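Report on the structure
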Amino acid sequence: MMPIDPRLPYDDNNVFARILRGELPCKKVHEDEFALAFHDINPQAPVHVLVIPKGRYVSWDDFTRLAAGEEIAGFMRSVGEVTRILELDQPGYRLLVNMGGHGHQEVPHLHLHIFGGRQFYHMVAD
Ligand code: 5GP
């Protein structure tokens, strides 16, 4: 897939918007007022979960410019909650957000990746 152009307006038909509306299924891990967490369809690690905000934000850039403080704090707290639900807090885990073209973001609704279940070494690999 091609990376998205993060300057485009929010697309209400993107795949994560459809998951949020319940139009497409997901393997849900957690849901609260601010976020939904579900397993990635194409896992890159033994545990690979995506956390998305409930609001209509294209990217990390969009979110950190436009979201209310309560939404940002709530989203961050949800990410922590999900790592504990997955019991990754003791062995540890890795968080990742891809943003725009160089980040190779493919879905135009902000999502944070949680990777776990094995030892990670190299920070960035191509
Ligand atoms: P990005 O490269 O945009 O940071 O990551 C997009 C992620 O979304 C990929 O890891 C991809 O496997 C995942 N993904 C794409 N479509 C779906 C879907 O329909 N359901 C789920 N659960 N994950 C998806």
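So, how was this worked out
- Residues numbered from 1 in each chain as written.
- Predicted model: local features only at pLDDT ≥ 70, side-chain atom pairs only at ≥ 80, totals over all residues.
- Heavy atoms only, no water.
- Near = heavy atom within 4 Å.
- Polar contact = N/O pair within 3.5 Å; in protein donor to acceptor, adjacent residues only side chain to side chain.
- Areas by Shrake-Rupley, 256 points an atom, 1.4 Å probe, with all protein chains shown as cover.
- Helix = DSSP H or I, 4+ residues; strand = E, 2+ residues; numbered from the N terminus.
- Core = buried A, V, L, I, M, F, W, Y, C linked by side-chain atoms within 4.5 Å.
- Buried < 20%, exposed > 50% of the residue type's maximum accessible area, 1.4 Å probe, protein only.
- Contact = heavy atoms within 4.5 Å.
- Expected span 1.5 Å × (residues − 1).
- Pairing = 2+ DSSP bridges.

Observations concerning the site of the ligand
With respect to spatial proximity, 17 residues lie near the ligand, and among them D40, N98, E106, H111 and H113 are the closest. Separating a nitrogen atom of the ligand from a backbone N or O atom of H39 is a distance of 3.0 Å. The side chain of D40 places a nitrogen or oxygen atom 2.5 Å from an oxygen atom of the ligand. Out of a free accessible area of 520 Å², the ligand has 84% covered by protein chains. At the level of elements, α1 (15-20), β2 (35-39) and β3 (47-53) are the ones that each hand at least two residues to the shell around the ligand.

What about the nonpolar core?
If you look at the biggest cluster of nonpolar residues, it comprises 16 residues, and the most contacted ones within it are V49, V51, F75, V82 and I114. Looking at this core, the elements with two or more residues in it are β2, β3, α3 (69-85) and β5 (112-116). Apart from residues lying up to four places away in sequence, V82 is in contact with V29, H30, A37, V49, V51 and I114. Counting residues in each nonpolar core, the second largest holds 7 residues, with F16, I19, I52 and V107 among its members.

Describing α3
Over its 17 residues, α3 extends 24 Å from the first C-alpha to the last, a length consistent with the 24 Å expected when each residue adds 1.5 Å. Turning to α3, its buried residues are G74, F75, S78, V79, G80, V82 and T83. E87 lies just past α3 and shows a positive phi near 60°.

Side note on the environment of A67
By secondary structure assignment, the location of A67 is in the loop between α2 (60-66) and α3. With relative accessibility at 12%, the residue A67 sits in the buried group. In contact with A67, other than residues within four places in its own chain, are Y57, D62 and I72.

Some words on unusual backbone geometry
Look at E87: it is not a glycine, yet its phi comes out positive at around 60°. Tracing the sequence through the fold places E87 in the loop between α3 and β4 (94-96). For H104, which is not glycine, the phi dihedral falls at a positive 55°. Inspection of the secondary structure assignment puts H104 in the loop between α4 (100-103) and β5.

Examining the pairing of strand β1 (residues 28-31)
As paired elements, β1 and β2 share 3 bridges and run antiparallel to each other. Looking across to β2, one finds that E31 is bridged to L36. In this structure, the hairpin formed by β1 and β2 is closed by a connection of 3 residues.

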